[in-house]
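So you can see what is in the structure, the chains are spelled out below.
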Amino acid sequence: MTPVPTIPVVVRVLGGFRVERGGRTVAEQDWQRPGARRLLKALAVSDGQRMDRRMLAALLWPEALPQAADRNLRVALHAVRRTLEPELAARAPSSYLHSQPGGMLALDPCSVRVDYAEALAAALPERTARMLTHGLLPGEDEAFLRGPRRVHQAARRRAAVALAGSGPEAVGLLRDMLAVDPLAVDVCRALMAELLASGRHTEATECFHTHRRELAEIYGLEPDAHLRELFGRAVAKTPVPQHRADPPREFVGREALLGTVCTLLRTPATSVVELTGDPGIGLTRLLNALGDRLMDHEAVVLRSSERVPAAHGPYGAVLACVDGHAARLDAAGRATLARDHPGIAALLPGLGGRPDRAAPQVETQVMALARDLARKGPVVWLVDDTEHLPPAGHRLLVRLARDQGASGGIVVAHRGRRPLFPHGTARSLRVPPLGERDCARFTGVGDGLSAAEVFRRSGGNPLWALSAMTGDGEVVRRRLGRESPDVRHAVELIARQSPDSAPGTLRGVDEALRLGWVRGGRGRPYRVASEVVRRAVAPVRRNTGHAAHMQYRPADVAGAAAARTGADGSRPARLRATSVRRPG
């Protein structure tokens, strides 16, 4: 009598659990007991698809007594046999499950295929890697899975190492493997090496940042030296993003002030120098000129970069300085900085990072960077646009100032009138307007009536002078655009002399006063800082009548915030306007 061939069974445990018999998937409702599925899973993932009966019973029913666990095992074993072979006669041996000497229970190696075992035994690393990309019974938390998952992870990492150097076609496989196991150092190393070899340096830096973030969040650790070395190589090859710069102009009228600041920085009793002034007075240009002079004296200068806005996050003003420093380094210098301080590199566009990344312990990392830089020479931080500095950023600058010692310092520039660092080691300097002769040199106009008129309109403010000379208010509007919406709204309101009822008007006026865009207050009419500002924000129009020559008193602008309803809920309150006599 010819024996009936056994119908093959395939057990899949990679990416989920599924059993196929003769090409037909065994439906979930076909399993008579939940314990039957668990029993088959445990045998499928075990070494050699065999396990001791007592150990198997203890793993599947750890809270049951030995006799009860053994009874549960027999019931589950019977259910598995009936599910896989519904035609099996009573007391007939199963074609798929065998009891072996020594109390072992095993799956038949000839009639049962297990995808996990085939992946481990595959000769080609590409096939192993492709199969092991899928997790081992993902989403399930069983005691019998702990050991096999460690074996699965180790095999996947060995396959990744074997794939290293096999060409760009391995990148997709390595990327899939890292997505499943983001903490796999070997996989990350192999993927970064392949990306670097194929010239995909930006992708290599992103791979490093992802791995580092997972490592820090779960274990609080940093990547190893080999990974950081690969990261440094990737950063060295990554193009540095450039930003549009205005054409340079001659630096005039501030030589004495530069000398004063340099003298203060050499004084041990001074750790912070505050430069304050009105918008457009030239604080940014002054910081740039100061940085050039200090670098000529071999100081390590960190000055702001426009790629990291000062308002971006609590540490934006400080990180902008680090980014500016990184962008001025050569490729080897950027690689060293990224390798030694990967947490900061993740936030800097100059090192292939993004300032919108969430990064813990920024203060600690910046302090470590400052100490490393101090070994090369005096470190001077030139921090611009600190008028909106958050408390965390202010705290970091205070820590840096205390840690600088006598060989460096911090120069901050802000458009406010109140000092940010009132302690004894800080000095505040108000940047004055340019004189008439320096104003003419700066704008390029000749002597005579034209220079005098530009100076009269601008009051010696360099930005206002440029706008007055060209008649184009774009430079003023662009500078005003860096302020908050409330400040812009308040300046436009006062420049146009038009009533307004926005709730933020009063708050915007107070801030515009503090920043120098608006003059007046305390009983005096509000007015914009300069006629140039008024012309740029609200150009003069014909037939505007008396409203073009009206100024609002503080009480009137305060009333604008509540203009929609009166104090008693009656008709809308109105702004009171006071006529101003025309000049001449």
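Definitions and cut-offs
Residues numbered from 1 in each chain as written. Predicted model: local features only at pLDDT ≥ 70, side-chain atom pairs only at ≥ 80, totals over all residues. Heavy atoms only, no water. Core = buried A, V, L, I, M, F, W, Y, C linked by side-chain atoms within 4.5 Å. Buried < 20%, exposed > 50% of the residue type's maximum accessible area, 1.4 Å probe, protein only. Helix = DSSP H or I, 4+ residues; strand = E, 2+ residues; numbered from the N terminus. Contact = heavy atoms within 4.5 Å. Axes fitted to C-alpha atoms, helices over the stretch in contact; angles between N-to-C directions. Parallel < 35°, antiparallel > 145°, perpendicular 65-115°, else oblique. Nonpolar A, V, L, I, M, F, W, Y, C, P; charged D, E, K, R; others polar. Pairing = 2+ DSSP bridges. Patch = residues over 30% accessible without salt bridge, like charges linked within 9 Å, V, L, I, M, F, W, Y side chains within 5 Å. Areas by Shrake-Rupley, 256 points an atom, 1.4 Å probe, with all protein chains shown as cover. Salt bridge = Lys/Arg side-chain N within 4 Å of Asp/Glu carboxyl O.

Draft legend 1. A look at the nonpolar core. In terms of nonpolar packing, the biggest core is built from 64 residues, with Leu174, Val366, Trp381, Leu397, Leu400 and Ile410 touching the most fellow members. For this core, the element with the highest residue contribution is helix H8 (residues 185-197), accounting for seven residues. When neighbours within four sequence positions are excluded, Leu397 is seen to be in contact with Val318, Val383, Leu389, Ile410, Val412 and Phe421. Among the nonpolar cores identified, the runner-up in size contains 42 residues, and Leu14, Val26, Tyr116 and Leu132 belong to it.

Draft legend 2. Looking closely at the packing of helix H1 (residues 34-45) against helix H3 (residues 66-84). Interhelical geometry of H1 versus H3 gives an angle of 85° and a closest axis separation of 8 Å. Put simply, H1 runs roughly perpendicular to H3. Two secondary-structure elements touch here, H1 through Gly35, Ala36 and Leu39 and H3 through Leu73, Ala76, Leu77, Ala79 and Val80. In the contact of H1 with H3, the residues fall into seven nonpolar, one polar and no charged.

Draft legend 3. Expanded view of the sheet that holds strand E12 (residues 426-430). A sheet is described by the order of its strands in space; here five strands give the open sequence E9-E10-E11-E8-E12, paired in parallel fashion. At either margin of the open sheet sits one strand with a lone partner, and together these are strand E9 (300-303) and E12. Put simply, the sheet's adjacent strands are angled 15° from each other on average, direction ignored. As paired strands, strand E10 (residues 379-383) and strand E11 (residues 409-414) are joined by four bridges and run parallel to one another. Residue pairing across strands places Val383 opposite Val412, the latter belonging to E11. Against the sheet, helix H11 (residues 255-265) touches strand E8 (272-276), E10, E11 and E12, its axis set at about 175° to E12. Each of E8, E9, E10 and E11 is contacted by helix H12 (residues 283-296), which is oriented at about 165° to E9, the strand it contacts most.

Draft legend 4. Summary view of a nonpolar patch on the surface. A contiguous nonpolar surface patch, about 340 Å² in accessible area, is contributed by Ile218, Tyr219 and Leu221. On the secondary structure map, Ile218 appears in helix H9 (residues 201-219).

Draft legend 5. Here's a closer look at the sheet that holds strand E4 (residues 50-52). Read from one edge of the open sheet, three strands run E4-E6-E5, paired in antiparallel fashion. The outermost strands of the open sheet, each flanked by one partner alone, are E4 and strand E5 (97-100). When strand polarity is set aside, the average angle formed by the axes of neighbouring strands in this sheet is 25°. Of the strand pairs in this sheet, E5 and strand E6 (residues 104-107) are connected by four bridges, and their pairing is antiparallel. Counted as the bridge partner of Leu97 is Leu107 from E6. Packed on one face of the sheet, H1 meets E4, E5 and E6 and runs near 85° to E6. Together, E4, E5 and E6 form the strand contacts of helix H2 (residues 53-60), whose direction differs from that of E4 by roughly 85°.

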